[in-house]
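# Structure assessment
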Amino acid sequence: MDLTHIRNENGTTTLITRQQAADEIDSAISGPTRKDVDQMSASRTGANLHYRDGRTVEIRQATPDEIAEHSTPALSYTVIYTGGGEPVVHRTGCSHNLRDSGRGAHRTQVIAGTIDDVCREVFSDFLSEDDDPSDFYGDLNVKPCAR
Ligand SMILES: [Zn+2]
């Protein structure tokens, strides 16, 4: 998933994908949110949207500096496969006493930005690019240190 665009909503900046940018703009022009937008200007690479509920949203291509600044820094997670039950996820180096248990238990480290990325890694055999990793949250035992 390539985060290539800046989305600034009332001063709060997030990185989004080209597809997310296009979806929001298309929807405002001719889709379901058209009626929610009272002013907009769109260009080839972005848009300024003013929603009737008071939100002002600017969408444009991000510069490499902005992408670096707003990307979630990679974190290290430790995933313990317990040999039964859900894989347990800790932040690597947390203060918990990590005990492996059960037959076939093992642990692995995942360098990732978010729990979504951990989900993708752990369930890579089941997830395709289009799947929403959050659907798999229930199959992970994410400890508070990793949230
Ligand atoms: Zn922990």
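Residues numbered from 1 in each chain as written. Predicted model: local features only at pLDDT ≥ 70, side-chain atom pairs only at ≥ 80, totals over all residues.

Moving on, we come to the domain arrangement of the protein chain. Split into domains, the protein chain comes out as domain 1 (3-70) and domain 2 (75-146). For domain 1 versus domain 2, the separation of C-alpha centres amounts to 32 Å. (Domains from an automatic or database assignment.)

Read across the sheet, 5 strands follow the order β2-β1-β5-β4-β3 without closing on themselves; strand pairing throughout is antiparallel. In this open sheet, the two strands that pair with only one neighbour each are β2 (12-17) and β3 (37-42). Neighbour to neighbour, the strand axes of the sheet diverge by 20° on average, direction disregarded. Examined bridge by bridge, β3 and strand β4 (residues 47-51) share 5 bridges and lie antiparallel to one another. (Pairing = 2+ DSSP bridges. Helix = DSSP H or I, 4+ residues; strand = E, 2+ residues; numbered from the N terminus. Axes fitted to C-alpha atoms, helices over the stretch in contact; angles between N-to-C directions.)

The sheet contact formed by strand β1 (residues 3-9) and strand β5 (residues 56-61) spans 5 bridges and is antiparallel. Paired with I6 across the strands is R60, a residue of β5. Where β4 and β5 come together, 4 bridges link them in antiparallel fashion. Residue pairing for β5: A47 is matched across the bridge by I59. Here β4 hands over to β5 after 4 residues, with G54 in that stretch at a positive phi of 100°.

For the rest of this paragraph, the subject is helix α3 (residues 115-122). Taken together, the buried positions of α3 are V118, C119 and V122. Buried residues along α3 cover an arc of 100° about the axis, so they all sit on one side. Taken together, the buried residues of α3 touch β6 (75-81), β7 (88-91) and β8 (106-112). (Buried ≥ 20, exposed ≤ 12 C-beta atoms within 10 Å, placed from the backbone. Arc of directions from axis to C-beta. Contact = placed C-beta atoms within 7 Å.)

Backbone-to-backbone hydrogen bonds join strands into a sheet, with any given pair of strands oriented parallel or antiparallel. One open sheet holds the 4 strands; their spatial order is β8-β6-β7-β9, and the pairing between them is mixed. Single-partner strands in this sheet number two, and they are β8 and β9 (141-142). α3 rests against β6, β7, β8 and β9 of the sheet, and its axis sits at about 130° to β8.

Its 13 residues give helix α1 (residues 18-30) an end-to-end C-alpha distance of 18 Å, which sits within 8% of 18 Å, the value for a rise of 1.5 Å per residue. Among the residues of α1, those classed as buried are A21, I25 and A28. For α1, the angular spread of the buried residues around the axis is 60°, confining them to a single face. In α1, the exposed positions that point more than 90 degrees away from the buried face belong to Q19 and S30. Elements in contact with the buried residues of α1: β1, β2, β3, β4 and β5. (Expected span 1.5 Å × (residues − 1).)

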